[in-house]
Amino acid sequence: MLERLVFGDVPAKHHLALRAGGRLRYEECLTRKGFDGPYTIAYHEFRPQALRAVGVPLVEPLEAATSSASGELARRHFRTLELGPARRAPLLFNAQMVLGCFRPSESDAAYRINAGADELLFVLDGGGTVRSLLGDLAFSAGDYVYLPKGLLYRFVFDTPGPHHALFMEFPGGVNIPGRFRNPAGQLKMDAPYCHRDFKRTEFRPPLDEGLRDVWIKRGIERQRFAYDHNPLDVVGWDGCVYPWAFPILSFQPRVSSVHLPPTWHGTFEAAGALICSFVPRPLDFHPEAVPCPYAHTSADVDEILFYADGDFSSRRGVGRGSLTVHPGGFAHGPHPGRYEASIGATRTDELAVMLDCNAPLRPTALAVGIEDPAYEASFAGGMLP
Ligand SMILES: [Fe+2]
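Residues numbered from 1 in each chain as written. Predicted model: local features only at pLDDT ≥ 70, side-chain atom pairs only at ≥ 80, totals over all residues. Heavy atoms only, no water.

(A) Structural context of the packing of aromatic side chains. This model, assessed by the stated rule, comprises 23 aromatic pairs. Aromatic pair F102 and F155: ring centres 4.8 Å apart, planes at 45°, arrangement tilted. Within this pair, whereas F102 is found in strand 9 (residues 97-103), its partner F155 is found in strand 15 (residues 152-157), the two being separated by 53 residues in sequence. Residue classification places F102 among the buried positions, given a relative accessible area of 3%. Taking 5.7 Å as the distance between ring centres and 45° as the angle between the ring planes, the aromatic pair formed by W237 and Y242 counts as tilted. Taken individually, W237 and Y242 each receive the classification buried, so the pair is uniform in this respect. One aromatic cluster is present, built from ring pairs that chain together F122, Y144, Y146, F180, Y193, F198, W244, F246, F268 and F306. Here the guanidinium or amino end of R23 rests over the ring plane of F46, the centre of that ring lying 5.6 Å away. Here the basic side chain of R222 rests over the ring of W215, its NZ or CZ set 4.7 Å away from the ring centre. (Phe/Tyr/Trp six-rings, centres within 6.5 Å; stacked < 30°, edge-to-face > 60°. Helix = DSSP H or I, 4+ residues; strand = E, 2+ residues; numbered from the N terminus. Buried < 20%, exposed > 50% of the residue type's maximum accessible area, 1.4 Å probe, protein only. Lys NZ or Arg CZ within 6 Å of the ring centre and 35° of its normal.)

(B) Layout of the coordination of the iron ion. Protein-derived coordination of the iron ion comes from H296 (NE2), E303 (OE) and H332 (NE2), at a distance range of 1.7 to 2.2 Å. Every donor residue of the iron ion comes from the same chain, spaced as H-x6-E-x28-H. Taken as a pair, E303 in strand 25 (residues 302-309) and H332 in the loop between strand 26 (322-326) and helix 1 (338-341) lie far apart in primary sequence, 29 residues in all. H332 matches E303 in its accessibility class, with the two residues each being buried. (Donors = N, O, S within 2.8 Å, 3.2 Å for Na, K, Ca; no water.)

Right, dumping it as structure tokens:
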């Protein structure tokens, strides 16, 4: 959550009547942690709860792949650009998150609400607008896009497809790490980004696009609902819960005399994961530094990497759109030769999103269908000849 914003017409105090042209507006509170957490209050032309279920709910269980050449303990590599068009292609999941690809071929024809999870996307290809209840949010390739649980929105693309993004769903929420804030809630001056880096919604008075349907999703269940009125009917709102976008290149990387662990690249935190950004930067400057990561046994986390651009110093055989999983509990590290070859390097142009995930992730059959079967064996071997 960022600072409080206020747009349009709001009354002088919470829960007071707001009238325009003699008509009463309807207050809606979007709250977190019951009524204890951050919140936003919006004022509607119509009753926001006036929606009705249409048809039967769809149940879409997340199922782990039943067979694969790789076991669950293998290091794995999925080539996500090989996926076909899909609004949501779940690839990996545990009880705390679902990760996958957002690869739509066209704009959403209906509104959506994720009632069960915060959504965070990292956009690899494509750009456009998140048209939401709280206004229009412009985004482009290289942005993280945050969509809070409970927000009504749809994606409107301004470029032809295919669009491609890593999507992350966190039922427990996504936050800016508390250590980045001062007691006033402001981002500290030594945080790796500042308030000015975030793209926020542009307020838009009520806009009737002629759409009345909304798909509401919670967990594995999805249900279509219909309004009798235009749901984009907000005349004003204020609060701290709203969508935003953050360009990954606005992350200010840390550089040290020796290799810094991924926690220094921590960007956002979620219940069950730390989300890190690896961006182009100078490398370690100790004269004897080994810039490439040391092998490590991270006993408690599965490590995910989503590759966006550049040459990743520790790996080979991966490229743009690659998604790798290295399971926790035993040693992993660079590909053969990469550790030694990195000595003396002064700069990296890598661009990637990394997640340290607190519980083992399981791949879906969709993931196994785009798996690189040679990845696990590619780590065998010794020193450079
Ligand atoms: Fe690692």
